[in-house]
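# Summary of the model geometry
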Amino acid sequence: MTMDAPVLHEVADGIATITLNRPQARNALDAAMKEALAALVPALVADASVRAVILTGAGGAFCAGGDLRGMAEVRPTMDFEGWRARMRDVQPWLAQLIELDRPLIAAVDGPAFGAGFGLALAADFVVATPRARFCLSFMKVGLGPDFGAMYTLPRVVGVQRAKELMLSAREVGADEALRLGLVLELQPEDRLLERARALARSFIGASPLAVKLIKQDVARSLASDLPTMLALEAEHQARCFDTAYQAEAVERFLAKQPPRFSWPPDDGR
């Protein structure tokens, strides 16, 4: 991996960090970046040593969305089938991010527009700086939202607000994003990655099975019913009880020892 690669990545101490790396274009997604992500994401999913993933952008921007210049260049060669294939090409690795069985933390500085907003919504937790900005800008160029936003955004903010953000194509500042639940917490620019890493590190000591099942069941809950979710609770709780991790956790509690998993406090507040 070279520092001028479109996507940088490293795995250290169980934490994978993915950095979108086209700062000169505010990390807009071009063909090379999509190809890099298509190779990288499945590899991280298959790497059992990775316990949490951080997604961020270089140069004071998260992701400005799709590369409109690149779209204009290929337009003369495209038809309906070509545009549809172009969208479907990104969906396998994007679905893997959304359905990742380990925590995904987006560290957002600057713009998260269009597809960049969609990438942020793929995360379980979004930590952002006060200069972060979010916008589903698709309507401004005659498009509907993509990169999973049709699935993720209503689950975060509700149906009415999701339609408003999609149809207005308005910009949402960091404070409003926090109020709407798009962002978990705000951090100064110099603490953004530090805080994202602290959250990621906390899951090194968590039960991988419990994390996986919680994420799966929350994803199912909005499209399910009470009997189904109660059945899943019984099934999955039994699986968690039947692990050495849970037995050890109880022993540590009874012995008044600290748990292996503990959510890190935000010492910067």
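The following paragraphs examine the structure supplied in this document. No experiment lies behind these values; they were computed from the predicted model shown.

As for its placement among the helices and strands, R195 is situated in helix 8 (residues 192–202). Residue R195 is classed as buried on the basis of its relative accessible area of 3%. Here the side chain of R195 touches P264 through a polar contact of 3.0 Å, landing on its backbone oxygen. If sequence neighbours within four positions are ignored, R195 has contacts with V127, E185, Q187, W263, P264, P265 and D266.

The next point concerns the sheet that holds strand 4 (residues 104–108). Two orientations exist for strands paired in a sheet by backbone hydrogen bonds: parallel and antiparallel. Reading across from one edge, 1-2-3-4-6-9 is the order of the six strands in this open sheet, with mixed pairing throughout. Each having just a single partner strand, strand 1 (7–12) and strand 9 (185–186) make up the two edges of the open sheet. Here strand 4 runs beside strand 6 (residues 125–128); their pairing, made up of four bridges, is parallel. The residue of strand 6 that forms the bridge with I105 is F125. Of the strands in this sheet, strand 2 (15–20), strand 3 (52–57), strand 4, strand 6 and strand 9 touch helix 8, which is tilted by about 170° from strand 4.

The subject of this paragraph is a nonpolar patch on the surface. Side chains of L68, V141 and L143 sit close together on the surface and give an oily, nonpolar patch of about 260 Å² of accessible area. Among the structural elements, L143 can be located in the loop between strand 7 (133–135) and helix 5 (149–157). Residue classification places L143 among the partly exposed residues on the basis of a relative accessible area of 43%.

What follows covers the nonpolar core. F62, W93, V108, L119, F134, L153 and L182 are the most contacted members of the largest nonpolar core, which totals 49 residues. Residues contacting L119, with those up to four places away along its chain left out, are L20, L29, L55, F62, W93, L94, L97 and F147. In terms of nonpolar packing, the next biggest core, distinct from the first, is built from ten residues, I15, I105, A196 and L199 among them.

What follows covers the sheet that holds strand 8 (residues 171–173). An order of 5-7-8 is seen for the three strands of this open sheet, with the pairing classed as mixed. This sheet does not close on itself; its edge strands, each paired only once, are strand 5 (111–113) and strand 8. For this sheet, the mean angle separating the axes of adjacent strands, direction not counted, is 20°.

Take the environment of E251 next. Residue placement: E251 occurs in helix 11 (residues 244–254). Sequence separation of E251 and A128 is 123 residues, and the distance between their C-alpha atoms is 37 Å.

In this section: the pairing of strand 2. With respect to burial, strand 2 is a largely interior element, six of its six residues being buried. On strand 2, burial covers both faces: I15, T17 and T19 on one face and A16, I18 and L20 on the other are all buried. The sheet contact formed by strand 1 and strand 2 spans six bridges and is antiparallel. Bridging from a neighbouring strand, V7 pairs with L20 of strand 2. Linkage of strand 1 to strand 2, two consecutive antiparallel strands, is achieved through a turn of two residues, within which D13 is found at a positive phi near 55°.

In a regular helix each residue adds 1.5 Å, so 16 residues correspond to 22 Å; helix 10 (residues 226–241) covers 22 Å between its end C-alpha atoms and thus fits that length. For helix 10, the set of buried residues is M229, L232, H236 and C240. Around the axis of helix 10, the buried residues are gathered within 65° of arc, so they sit on the same side. Every exposed residue of helix 10 that faces more than 90 degrees away from the buried side is listed here: P227, A234 and F241.

With that settled, the discussion passes to the pairing of strand 4. Most of strand 4 sits inside the fold, with five of its five residues counted as buried. Covered by surrounding structure in strand 4 are L104, A106 and V108 together with I105 and A107, the residues of both alternating faces.

Turning our attention to the pattern of salt bridges. Considering all chains together, one arrives at 14 salt bridges under this definition. When the shortest N-O distance is used, the salt bridge between R195 and E185 registers 2.4 Å. Taken together, the residues span a long stretch of sequence, with R195 in helix 8 and E185 in strand 9 at a distance of ten residues. Using a relative accessible area of 5% as the deciding quantity, one classes E185 as buried. Note that D266 is salt-bridged to R191, the shortest N-O span being 3.4 Å. Taken as a pair, D266 in the segment after helix 11 and R191 in the loop between strand 9 and helix 8 lie far apart in primary sequence, 75 residues in all. The burial state of D266 is the same as that of R191; both residues are buried. Several salt bridges share partner residues, and in doing so they unite R161, E164, R170 and E176 into one network.

Calculation criteria
- Residues numbered from 1 in each chain as written.
- Predicted model: local features only at pLDDT ≥ 70, side-chain atom pairs only at ≥ 80, totals over all residues.
- Heavy atoms only, no water.
- Helix = DSSP H or I, 4+ residues; strand = E, 2+ residues; numbered from the N terminus.
- Buried < 20%, exposed > 50% of the residue type's maximum accessible area, 1.4 Å probe, protein only.
- Polar contact = N/O pair within 3.5 Å; in protein donor to acceptor, adjacent residues only side chain to side chain.
- Contact = heavy atoms within 4.5 Å.
- Pairing = 2+ DSSP bridges.
- Axes fitted to C-alpha atoms, helices over the stretch in contact; angles between N-to-C directions.
- Patch = residues over 30% accessible without salt bridge, like charges linked within 9 Å, V, L, I, M, F, W, Y side chains within 5 Å.
- Areas by Shrake-Rupley, 256 points an atom, 1.4 Å probe, with all protein chains shown as cover.
- Salt bridge = Lys/Arg side-chain N within 4 Å of Asp/Glu carboxyl O.
- Core = buried A, V, L, I, M, F, W, Y, C linked by side-chain atoms within 4.5 Å.
- Expected span 1.5 Å × (residues − 1).
- Arc of directions from axis to C-beta.

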